[in-house]
Amino acid sequence: MIFGRSERGKPPVEPVTLKILVAGGFGVGKTTLVGAVSEIRPLRTEEVLTEAGRPIDDTDGVEGKHTTTVAMDFGRITLREDLVLYLFGTPGQERFWFMWDELSEGALGAVVLADTRRLEDCFAAVDYFERRSIPFVIGVNCFEEADRYPAEDVSKALDLDPDVPVLLCDARDRASAKEVLIGVVQHAMAYAADRGRAVTT
């Protein structure tokens, strides 16, 4: 069994597998986060930015970025013996947004990564998940050269519902990124429980 683990004399545990999306604007750190936490070699579909794409690809604020995700990133992390997350990083550029519907099929929830220098770049992802009632958290990727703001200020700037968590993180750091993923699972479960109570009352 691929994922099953067992102690001597006990049957292997068949884990629950959950699908989580990692979304956000161009160059915000989606590929980095998936790569930081994945326990398998992550699948990446990156292509080199070209002169032909320069009028389309907005690199203001991320001038050092030379590649872009054109389909998705994929990784896997085992949170507990009985819980495995499959991570799907969405492409950040508008010309690839047509793929989001397929990637979001069956997703438990999402991380919307945000860069405070380009906060408006995550508006589209926030709007997408709100419209489709997919629970999400905001992961503020704390770039070294970016100003730091309290989570409450980011929430107000994005006009979020009060129950949407805003978590500060470093997408390069495995422990930090893992905490964001745990936050998504917890929020999604609370969201599902609230909807269930609303349906039965």
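Anything mentioned here points back to the structure above.
Report on the accompanying structure. A quick note: this is a predicted structure, and the numbers were derived from the prediction, not measured.

## Description of the overall build of the protein chain
Here's step 1: Within the protein chain, the regular secondary structure consists of 5 helices and 7 strands.
Here's step 2: Reading the protein chain from its N terminus to its C terminus gives the helix and strand order β-α-β-β-β-α-β-α-β-α-β-α.
Here's step 3: Within the protein chain, the fraction of its 201 residues that count as buried is 45%.
Here's step 4: Sequence separation of at least 24 residues holds for 72% of the intrachain contacts in the protein chain that already meet a minimum separation of 6.
Here's step 5: Accessible area for the protein chain stands at about 11100 Å²; split by element, carbon and sulfur atoms hold 52% of it.

## Here we look at the environment of V111
Here's step 1: The residue V111 is located in strand β5 (residues 109-114) in this model.
Here's step 2: Residue V111 is classed as buried on the basis of its relative accessible area, which comes to 0%.
Here's step 3: Note: C-alpha distance between V111 and L21 (90 residues apart in sequence) is 6.2 Å.

## Description of unusual backbone geometry
Here's step 1: The backbone of S133 sits at a positive phi, close to 55°, despite the residue not being glycine.
Here's step 2: Mapped onto the secondary structure, S133 falls in the loop between α3 (123-131) and β6 (136-141).
Here's step 3: Residues other than glycine seldom take positive phi values, yet D159 does so here, at roughly 55°.
Here's step 4: As for its placement among the helices and strands, D159 is situated in the loop between α4 (151-157) and β7 (166-169).

## Some words on helix α1 (residues 30-37)
Here's step 1: Within α1, 6 of the 8 residues are buried, which leaves the element mostly enclosed by the surrounding structure.
Here's step 2: K30, T31, L33, V34, A36 and V37 are the residues of α1 that are buried.

## Here's the deal with the packing of aromatic side chains
Here's step 1: Across all of its chains, the model carries 6 aromatic pairs by this definition.
Here's step 2: Seen from their ring centres, W100 and F129 are 6.1 Å apart, and the 15° between their planes marks the pair as stacked. Of this pair, W100 sits in helix α2 (residues 100-104) while F129 sits in helix α3, and the two are 29 residues apart along the sequence.
Here's step 3: For W100, a relative accessible area of 4% puts it in the buried group.

## Describing α3
Here's step 1: Those residues of α3 not exposed but buried are A125, V126, Y128 and F129. For α3, the arc enclosing every buried residue in end-on projection is 160°, short of the 170-degree limit, so these residues lie on one face.
Here's step 2: Packing partners of the buried residues in α3 comprise β1 (16-24), α2, β5 and β6.
Here's step 3: A positive phi of about 55° marks S133, the residue just after α3.

## A short note on the environment of L158
Here's step 1: Considering the arrangement of structural elements, one finds L158 in the loop between α4 and β7.
Here's step 2: On a C-alpha basis, the gap between L158 and F123 in space is 7.2 Å, while along the polypeptide they are 35 residues apart.
Here's step 3: With residues near it in sequence (within four places) discarded, L158 still touches L119, C122, F123 and I138.

## Details of the state of the cysteines
Here, the word disulfide means a covalent bond between the sulfur atoms of two cysteines.
Here's step 1: This structure, assessed with the given rule, holds 0 disulfides.
Here's step 2: Of all cysteine sulfurs in the structure, the one in C142 sits closest to C169, which takes part in no disulfide; the separation is 6.4 Å.
Here's step 3: Since its relative accessible area comes to 4%, C169 is described here as buried.

Definitions and cut-offs
- Residues numbered from 1 in each chain as written.
- Predicted model: local features only at pLDDT ≥ 70, side-chain atom pairs only at ≥ 80, totals over all residues.
- Heavy atoms only, no water.
- Helix = DSSP H or I, 4+ residues; strand = E, 2+ residues; numbered from the N terminus.
- Buried < 20%, exposed > 50% of the residue type's maximum accessible area, 1.4 Å probe, protein only.
- Contact = heavy atoms within 4.5 Å.
- Areas by Shrake-Rupley, 256 points an atom, 1.4 Å probe, with all protein chains shown as cover.
- Phe/Tyr/Trp six-rings, centres within 6.5 Å; stacked < 30°, edge-to-face > 60°.
- Arc of directions from axis to C-beta.
- Disulfide = S-S within 2.5 Å.

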